[in-house]
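In case you want the letters, here they are:
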Amino acid sequence: MNIGEIAKRAGVSRSTVSYALSGKRPVSEDTRRRIQQVVDELGYRPSASARALANGRTSTIGLVFPPAGNHYTGMQLDFIGSVVEAAAAYDYDVLLSPSGVDSDRSFQRLLGERRVDGAILMEIRLADDRVDHLATLDIPSVAIGRTARPEGSWWVGLDHTTLAAACVHHLADLGHRRVAFVNRPEQLLRAGYESAHRGLDGFTKAAAERGLTVRTYCCGDDAASGQTCVAQILHDDPATTALVTLNEAALGGLYRGLAQAGRHVPRDFSVTGVVANHWAETVTPQLTAADVPAAEMGRLAVELLVERLDHPDAPPRHHLLTPPISLRASTGPGTTP
């Protein structure tokens, strides 16, 4: 079934049907109603490819995220889900591209074949060739995260520097003097992941400001790695009484490692960090943390991209979010083990 058959049955021209369906030109209410009745009777759905050829838009946005390895973390899945849900509200579909660099075939197909109107990038690195590549091809994009030089680009970010520092100050105010930092995996730090670098920077500067004795650790994105990391922390400095983490995927393992070592949370050991709130609330005791607003960040990224698509000449905009620390039950006064 096509536009020609609809036009024949409605007694109008093909162009009138096209205008009525696309809304590009006014059509009388009586004619529009007659066309819509035929469309409903025939169950007609316009071809997405034909519509894209007609108006130059695919009504699809790309979501570019890194390969998962063994699995995606809960926070990564939160971001993916929030983007898909927010895009649906604007009548956009989402095409997922698990790509890391511009040599990836999936990423190249996404761009070279113009399958999408624009793209949202996740897991941003301080020097991110994906951002540069999209700009070179003049494909509108928005990043969840920000590069080392974000001027002139569109992005939604979390202020990991400020949030990690706030966690340090919270622990110092409670009297903790020896604190560990549990970061993302070492390969992500080496690759320049901005959250890992900016969080580490905020932690070390705040610790120096408060005169704390600290050690920093990279940790795999899984519970087993978290448990191993705690064992290493307590081996390196048994007098450690608290930790700050950016690694929510390792959180359950961190708790298990402390329990195995006989450290009760929060009586003997305090734990805090930067974690999505529903993950902070799944552990016992619930984690005192700066809650990552994944749903809000996904929604804001989609809103910015839609704005770019609807207003190509609009000046670059961004959102930098700094949520407060939610005081729950995992931190207490510093004590000597």
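Further up the page is the structure itself.
In what follows, the accompanying structure is described. Nothing here was measured: the structure is a model prediction, and the numbers come from that model. (Residues numbered from 1 in each chain as written. Predicted model: local features only at pLDDT ≥ 70, side-chain atom pairs only at ≥ 80, totals over all residues. Heavy atoms only, no water.)

Here's the deal with the overall build of the protein
For the protein, the helix and strand inventory stands at 14 helices and 12 strands. A globule of 337 residues ought to have a C-alpha radius of gyration of about 20 Å, yet the protein, at 25 Å, is considerably larger. Across the 337 residues of the protein, 47% fall into the buried class. In the protein, of all internal contacts separated by at least 6 residues, the share reaching a separation of at least 24 is 73%. For the protein, the accessible surface area stands at approximately 16000 Å², while carbon and sulfur atoms represent 50% of it. (Helix = DSSP H or I, 4+ residues; strand = E, 2+ residues; numbered from the N terminus. Rg over C-alpha atoms; globule rule 2.2 N^0.38 Å. Buried < 20%, exposed > 50% of the residue type's maximum accessible area, 1.4 Å probe, protein only. Contact = heavy atoms within 4.5 Å. Areas by Shrake-Rupley, 256 points an atom, 1.4 Å probe, with all protein chains shown as cover.)

Remarks on the packing of helix α1 (residues 3-10) against helix α3 (residues 29-42)
Relative to each other, α1 and α3 sit at 125°, their axes nearing to 9 Å. Taken together, the axis directions place α1 and α3 in an arrangement best described as oblique. Like other packed secondary-structure pairs, α1 and α3 cross with a definite hand, here right-handed. Here I6, R9 and A10 of α1 lie close against α3, whose contacting residues are R34, I35, V38, V39 and L42. Split into classes, the residues belonging to the contact of α1 with α3 amount to six nonpolar, no polar and two charged. (Axes fitted to C-alpha atoms, helices over the stretch in contact; angles between N-to-C directions. Parallel < 35°, antiparallel > 145°, perpendicular 65-115°, else oblique. Left-handed = near helix turned anticlockwise from the far one by under 90°. Nonpolar A, V, L, I, M, F, W, Y, C, P; charged D, E, K, R; others polar.)

Some details on the sheet that holds strand β2 (residues 93-98)
Here six strands make up an open sheet; going across it, the order is β2-β1-β3-β4-β5-β11 and the pairing parallel. Every interior strand has two partners, whereas the edge strands, β2 and β11 (318-321), have only one. Between one strand axis and the next, the sheet turns by 15° as a mean value, whatever way the strands run. Note that strand β3 (residues 118-121) and strand β4 (residues 141-144) share three bridges and pair parallel. (Pairing = 2+ DSSP bridges.)

Some thoughts on the pattern of salt bridges
In the structure shown here, the tally under the stated rule is 18 salt bridges. With a shortest N-O distance of 3.8 Å, D128 and R125 are connected by a salt bridge. With respect to class, D128 is no different from R125; both count as buried. Taken together, the salt bridges that share partners define one network made up of R125, D128, D129 and R130. (Salt bridge = Lys/Arg side-chain N within 4 Å of Asp/Glu carboxyl O.)

Let's talk about the side chain of T147
By secondary structure assignment, the location of T147 is in the loop between β4 and β5 (155-158). Classification of T147 by relative accessible area gives buried; the value is 13%. In terms of polar contacts, T147 uses its side chain to reach the backbone carbonyl oxygen of R149, at 3.3 Å. Once residues within four sequence positions are removed from consideration, T147 is found in contact with I124, R125, L126, D128, V131 and R198. (Polar contact = N/O pair within 3.5 Å; in protein donor to acceptor, adjacent residues only side chain to side chain.)

Observations regarding the environment of R109
Positionally, R109 belongs in helix α6 (residues 105-112). Sequence separation of R109 and S97 is 12 residues, and the distance between their C-alpha atoms is 9.4 Å. Discounting residues that sit within four places of it in the chain, R109 has contacts with R114 and R115.

Here's the deal with the sheet that holds strand β6 (residues 178-183)
In spatial order, the strands read β7-β6-β8-β9-β10-β12; together these six strands make up an open sheet with mixed pairing. Here the strands that pair on one side only, and so sit at the sheet edges, are β7 (213-218) and β12 (325-326). Sheet topology note: the β6/β7 ladder contains six bridges and is parallel. Each bridged residue has a counterpart across the sheet, and for N183 the counterpart in β7 is C218. Contacts from helix α8 (residues 160-173) reach β6, β8 (242-245), β9 (270-276), β10 (288-292) and β12, with the element oriented near 160° to β9.

Re the side chain of T31
On the secondary structure map, T31 appears in helix α3. What T31 contacts, discounting residues up to four positions off in sequence, is V12 and T16.

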